[in-house]
Amino acid sequence: MCSIQEETSLDLNVKFKPTTKNCVKCKTAKAIILIRHSTYCKKCFQHVFVGKFRKNVEKSRTASSYGSGEKIMVGFSGGPSSRAMLQLINEYNEAIPHKRVYSEIVVCHIDESLLLNQKSTIPLIEQSVRKYNYPFIGLYLQDIYNSDVTKSGFYNSVIEIEIDAKISQQKDPTESPAEKLSNLLNNISNLTVKEDFIWYLKLCYLIDTARKNGCTRLFLGDCSTRLSIKIISLTSKGRGFSLPLETSGETNWFEDVIITRPMKDMLSKEIGIYNQFAGLDDVYVQNVTSMMHAKASIERLTEDFIVGLEKEFPSTVSTIARTGAKLTPSDSIMKENRCVICLMPYQENNKIWQNRIIVMTIPSSQQSNGCNDIQLNCSKNTTSGGCINGCNDTSNDESMVNAEFADSLCYACRVDIRDIKITNKKIILPPYVAEGVEERKKKINRKQMRKHIEEYLLCSEEEL
Amino acid sequence: MGRLCVICDKERAIIKRPKTGQKLCKECFYYVFETEIHNAIIDNKLFKKGDRIAIAASGGKDSTVLAHVMKLLNERYQYGLELFLLSVDEGITGYRDDSLETVKRNQQQYELPLKIISYSELYGWSMDQIVKEVGLKNNCTFCGVFRRQALDRGAVILNVDHIVTGHNADDIAETVLMNILRGDIARLQRCTEICTTGDGCIRRSKPFKYTYEKEIVMYAYFKKLDYFSTECIYSPNSYRGHARTFLKDLESVRPSAIIDIIHSGEAFEIKKEVKLPTQGVCKRCGYMSSNELCKACVLLEGLNRGLPK
Amino acid sequence: MSLLKIKLSFSGGIELLFDNIKQKSVEIPSSINPPNSTTMKDLISWMKDNLLKERPELFMSGDTVRPGILVLINDSDWELEGELEYEIKDGDDIVFISTLHGG
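What counts and what doesn't
The numbering scheme is per chain: residues are counted from 1 as the chain's sequence reads. Both sets of labels track the order of writing: A upward for chains, 1 upward for ligands. Selection of residues for local features in this predicted model requires a pLDDT of at least 70, selection of side-chain atom pairs for listing and counting requires 80 or more, and totals for whole chains, interfaces and linings are taken over all residues. To obtain the side-chain values, all non-hydrogen atoms of the structure were included, while hydrogens and water were left out. UniProt positions are given in the numbering used here, feature names are shortened, and annotations may be inferred rather than shown by experiment. Put simply, DSSP marks the helices as runs of H or I at least four residues long and the strands as runs of E at least two long, and each gets a number from the N terminus on. Throughout, exposure labels follow a simple rule: accessible area from a 1.4 Å probe, protein chains only, divided by the maximum for the residue type, with under 20% read as buried, over 50% as exposed, and the rest as partly exposed. At least two bridges found by DSSP between two strands are what make those strands a pair. Axis lines are fitted through C-alpha atoms, for helices just across the contact stretch, and the angle between N-to-C directions can take any value from 0 to 180 degrees. The contact criterion used throughout is that any non-hydrogen atoms of two residues lie within 4.5 Å. For every residue, the predictor assigns a confidence score, pLDDT, that lies between 0 and 100. Each of two parts loses accessible area, computed with a 1.4 Å probe, when they are put together; buried area is these two losses added. Salt bridge criterion: a side-chain nitrogen from Lys or Arg within 4 Å of a carboxyl oxygen from Asp or Glu. Polar contacts, as counted here, are pairs of nitrogen or oxygen atoms within 3.5 Å of one another; within protein the pair requires one atom able to donate a hydrogen and one able to accept it, and residues that are adjacent in sequence qualify only if both atoms are side-chain atoms. Throughout, disulfides are identified as pairs of cysteine sulfur atoms within 2.5 Å of each other. Here is the rule: rings of Phe, Tyr and Trp (six-membered ring for Trp) pair when centre to centre is within 6.5 Å. Planes less than 30 degrees apart are stacked, more than 60 are edge-to-face, and the remainder are tilted.

Within an unreviewed UniProt entry, the label attached to chain B reads Cytoplasmic tRNA 2-thiolation protein 1, and the organism entered is Rhizophagus irregularis. Taken directly from UniProt, the Pathway (unreviewed entry) text for chain B runs: "tRNA modification; 5-methoxycarbonylmethyl-2-thiouridine-tRNA biosynthesis." You can read under Sequence similarities (unreviewed entry) in the UniProt record for chain B the words "Belongs to the TtcA family. CTU1/NCS6/ATPBD3 subfamily."

Under an unreviewed UniProt entry, the name given to chain A is Cytoplasmic tRNA 2-thiolation protein 2, and the organism recorded is Rhizophagus irregularis. Entered under Subcellular location (unreviewed entry) in the UniProt record, the comment concerning chain A runs "Cytoplasm". The record held by UniProt for chain A lists under Sequence similarities (unreviewed entry) the comment "Belongs to the CTU2/NCS2 family."

## Describing the UniProt feature "domain: 2-thiouridine synthetase TtuA-like N-terminal LIM" (unreviewed entry) in chain B
Residues annotated by UniProt as "domain: 2-thiouridine synthetase TtuA-like N-terminal LIM" (unreviewed entry) correspond here to residues 5–29 of chain B. Taken end to end, residues 5–29 of chain B is 16% helix and 16% strand, and its first and last C-alpha atoms sit 9 Å apart.

## Details of the pairing of strand E5 (residues 69–73) of chain C
Note on strand geometry: in a regular strand, side chains alternate between the two faces of the sheet. Residue and element names in this part refer to chain C. For E5, the tally of buried residues reaches five of five residues, placing the bulk of the element in the interior. On E5, burial covers both faces: Ile69, Val71 and Ile73 on one face and Leu70 and Leu72 on the other are all buried. Across five bridges, the pairing between E5 and strand E7 (residues 93–98) is antiparallel. Bridging across to E7, Ile73 finds its partner in Ile94. Here two bridges tie E5 to strand E6 (residues 76–77), and the two strands are oriented antiparallel to one another. The residue of E6 that forms the bridge with Leu72 is Asp77. In textbook terms, the turn of a hairpin is the stretch between consecutive antiparallel strands, and for E5 and E6 this stretch comprises two residues, one of which, Asn74, has a positive phi near 50°.

## Topic: the sheet that holds strand E6 (residues 157–162) of chain A
All names here are of chain A. Spatial ordering of the open sheet is given by E7-E6-E11, a layout of three strands whose pairing is antiparallel. The two strands at the open ends of the sheet, each matched to only one other strand, are strand E7 (167–171) and strand E11 (426–428). Averaged over all pairs of adjacent strands, the angle between strand axes in this sheet comes to 30°, irrespective of strand direction. In the sheet, E6 pairs with E7 via five bridges, with the strands oriented antiparallel. If you follow Ser157 over to E7, its bridge partner there is Lys171. Relative to the sheet, helix H14 (residues 431–453) contacts E6 and E7, its axis offset from that of E6 by approximately 105°.

## A short note on helix H9 (residues 213–222) of chain B
Residue and element names in this part refer to chain B. For H9, the complete set of buried residues consists of Glu215, Ile216, Met218, Tyr219 and Ala220. Here the buried face of H9 lies against strand E1 (15–16), helix H1 (26–43) and helix H2 (61–76). Just downstream of H9, Lys224 is the residue with a positive phi angle, here 55°.

## Quick word on the sheet that holds strand E5 (residues 136–140) of chain A
Residue and element names in this part refer to chain A. The six strands are arranged E5-E4-E3-E8-E10-E9 in an open sheet whose pairing can be described as mixed. The open sheet is flanked by E5 and strand E9 (250–251), the only strands paired with a single partner. In the sheet, strand E4 (residues 102–111) pairs with E5 via five bridges, with the strands oriented parallel. Note on E5: the bridge partner recorded for Cys108 is Ile137. Helix H2 (residues 80–94) contacts strand E3 (70–75), E4 and strand E8 (217–219) of the sheet and is inclined by roughly 160° relative to E3. In the packing of helix H5 (residues 191–212) onto the sheet, contacts are made with E3, E4, E5, E8 and strand E10 (258–260), and the angle to E4 comes to roughly 150°.

## Focus on the pairing of E7 of chain C
Residues and elements named next belong to chain C. Judged by how many residues are buried, E7 sits mostly within the fold: five of six residues are covered. Both strand E1 (residues 3–11) and E7 contribute to a ladder of five bridges, which runs parallel. Across the sheet, residue Phe10 finds its bridge partner in E7, namely Phe96.

## Observations concerning unusual backbone geometry
All names here are of chain C. Of note, the amide linkage connecting Pro34 to Pro35 takes the cis form, showing an omega dihedral of 5°. Within the secondary structure, Pro35 is located in the loop between strand E2 (23–29) and helix H1 (40–50). Even without being glycine, Arg55 reaches a positive phi, approximately 50°. The residue Arg55 is located in the loop between H1 and strand E3 (60–61) in this model. The partly exposed category is assigned to Arg55, whose relative accessible area is 27%.

## Focus: the confidence of the model for chain A
Residues and elements named next belong to chain A. Per-residue pLDDT for chain A has a mean of 85; in total, 86% of the residues score no lower than 70. Mean pLDDT values for the elements of chain A range from 74 in helix H12 (residues 397–407) up to 97 in helix H6 (residues 224–236). Within the model, the stretch residues 366–373 combines pLDDT values under 50 with 24 contacts to residues more than four positions away or in other chains. Long-range and interchain partners of residues 375–395, a stretch whose pLDDT sits below 50, account for 64 contacts in this model, where long-range means more than four residues apart.

## Details of the interface of chain A and chain B
Every contact between the two is made by 64 residues of chain A and, on the other side, 66 residues of chain B. The contact between chain A and chain B buries some 6,300 Å² in all, and 58% of this surface belongs to carbon and sulfur atoms. For the interface between chain A and chain B, the tally reads five salt bridges. Its salt-bridge partner being Lys295 of chain A, residue Asp249 of chain B comes within 3.4 Å of it at the nearest N-O pair. Here chain A is connected to chain B by 21 residue pairs in polar contact (both at pLDDT 80 or more). Breaking the side of chain A that touches chain B down by element, the ones donating at least two residues are H5, H6, helix H9 (298–312), helix H10 (316–325), helix H11 (350–357) and helix H13 (411–418) of chain A.

## Description of the environment of Glu439 of chain A
If you trace the backbone, Glu439 of chain A turns up in helix H14. Remark: the alpha-carbon pair of Glu439 of chain A and Asp256 of chain A, spanning 183 residues in sequence, is separated by 18 Å.

## Looking at the state of the cysteines
Residues and elements named next belong to chain A. Inspection of the entire model under this criterion finds zero disulfides over all chains. Here Cys108 is not cross-linked by a disulfide; its sulfur's nearest cysteine counterpart is in Cys215, at 8.9 Å. By relative accessible area, Cys108 is classed as buried at 1%. With no disulfide of its own, Cys339 lies closest to Cys342 among cysteine sulfurs, the gap being 3.6 Å. Accessibility expressed as a relative area gives 1% for Cys339, which makes it buried.

## Overview of the packing of aromatic side chains
Tallying each qualifying case throughout the model produces 19 aromatic pairs over all chains. Ring geometry for Trp353 of chain A versus Tyr411 of chain A: centroids 5.7 Å apart, planes at 75°, classification edge-to-face. You can see Trp353 of chain A sitting in helix H11 and its partner Tyr411 of chain A sitting in helix H13, a full 58 residues away along the chain. Overall, the relative accessible area of 3% leaves Tyr411 of chain A in the buried class. With 5.9 Å between their ring centres and 20° between their planes, Phe10 of chain C and Phe96 of chain C make a pair best called stacked. Of this pair, Phe10 of chain C sits in strand E1 while Phe96 of chain C sits in strand E7, and the two are 86 residues apart along the sequence. Each of the two residues, Phe10 of chain C as well as Phe96 of chain C, counts as buried. An aromatic cluster is defined as three or more aromatic residues linked by ring pairs; in this entry it consists of Phe45, Phe49, Tyr274 and Phe277 of chain A.

See the structure below:
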């Protein structure tokens, strides 16, 4: 059967050999850079590059309610994008020294070296940004297990998942943060899941740190190449619902901390060349999938795919980025429906949807073998609530925790957890997860209480 | 000593399910396969009692299994539908003749009425003639446009309420990726809809929306269903080829990726400021079109004037 | 056969494949494939044979560099200098920048 569905003639912008020798902007100087289909001289290239940054930053400034004098945090991974971004922020802020745009700039780096058994990256990174004289915060990823990396500032209860998939809530676990993180990630052999978790742990830690330091804005260095890769990889992981929040130029989802991505219109090529000309040295920081083959994880595969496609069809990245920019966060997003692991919004009933399109049991037996992933203690009764996979069982306290936890996840995190097979001891999730589950439970209880007495209330929730 | 099926725990497992990796026995596989399609039909309220449904039949695996499953579910759950087979003859010698023979056999096997409609009788041109005229450059565009209209017109002749096609999860996931890659925001919004309607255009549904291609082949294999399988001799398109390779790689990294992509596609919402092309009707033939003349009429005009398009 | 003296620079992580060295001066034959002058294509394959310590697939793809690796020749985009066909001259300054895994 013909596999071609309705196709329009594609304007594919296949790679061509440029014929003009001069810069397309000033038209006089000799061109030395090719970006997509345009050729630029060094000066014009730098001018256009800085211009893109300014345009994005100005846009968020005018929309901001803080006017001038905002305190900002720069998420600094050490890679070329964040390196260029920090330089640009510095130049922008120092343009008129007595009229600084940002009252304070804090640079934050999260060290993941524990996962690779390597030396800490913090000293090198700190040194590379020393010349800016900004306060520097170097964090170790494992410290996300500290009870103060939570909304309340002190929460020492955690969710544990044991080797037989029993999910429970425990207080004051004795292991060190490093042990807890190692344990969590060593039990995840699936690299896609590992990468996913690490990303969201880092994001959560950054947001929390920004909040605790009074920063109202967090700058992240995602460039257009990185964003178009993310658009495809998030789609492939079932994160379409939160995609607009993770790839837009500005995100208000975290309310008190606005995420800004000023590098979103620059290709990784532009950034590489800008850094080279500006003499900016980046520190190469390895992550869990560095130097691995393409099929190691979804992120690696997608990066390979997009970068390869861009080489053959130079408008690929810009087209994908443009398409992503036309997407908007759904109207159906509810603030209280926040996934407790990735902190992104989740759709109501995503668990039910999943069960209908992936049938795991037959009517004659509701065996626990039906859920084959995080093996849970399902019994044959069917009442409301249930396990990660939707088998219905709330016959005891353990399964209550199961049910609450399972109901507070987004589709993609649910898929991730399903891919974890615990082989060694147990995994402990950082306290912010347990805090999230409790918060959600409280909100639901409150909603139910309110429903009960609604007809007698004369005020709204906010007025209380 | 083989492993036991993880669902019934009684029979020996003979397959590993592509969608989930579960090891299942034959009967349980049939059950989950058929039930998921039934769930998709019910949850999306695709049909109502008494509906006349045309099954787009190409003789390939998707449509053969589709005919089989539609008939089976119709009887098992008493949907109360009247089913027909509708086949399109593009006029490609060698390729089409064989697949049409398969469809005729399907008609016998499933005891369903069959209607064959050809490009020649609809447009006055067969694909062989078109290729002779325009070469191999844009022939797929012609075929795609013509087929879509051909199904609609055949459906009108049969007087049916609804067409079902065998588009499976792999097709839809691939289309989602393609639409992102080439920036077709309008199509991106529509392509995950299980049922599409349009004025002057018959409703179409894809009951296999969440069904993996591999599982369709598996089902056909075990149930010993008869189908014709070759790729059209006039394909393929290289850009889509890249997307397809990527999708296959994704599936090997994580089998649920296909469903995950569809889930993402369903969640996409477009900013209100984005302009989408409006739908009107073709001046010449009345088919729906965003321009004065619909695609098919434009292409036909080009053909008839002897100009390759 | 005469030699060409050139400077090679690596950044963005690509240096890890070359013994962690960020800059290196090398001498290469002026005609690796006689009678033609040494081109970028020749240089890349020469680098694979003589400098690359591990994982050639992370540096090369077929005859050329892997997608995602930028090449500058004397501060100019190699895509404007003829890419693989560029003929190397004495004193050339060639930079290889990896843009993968950035951020």
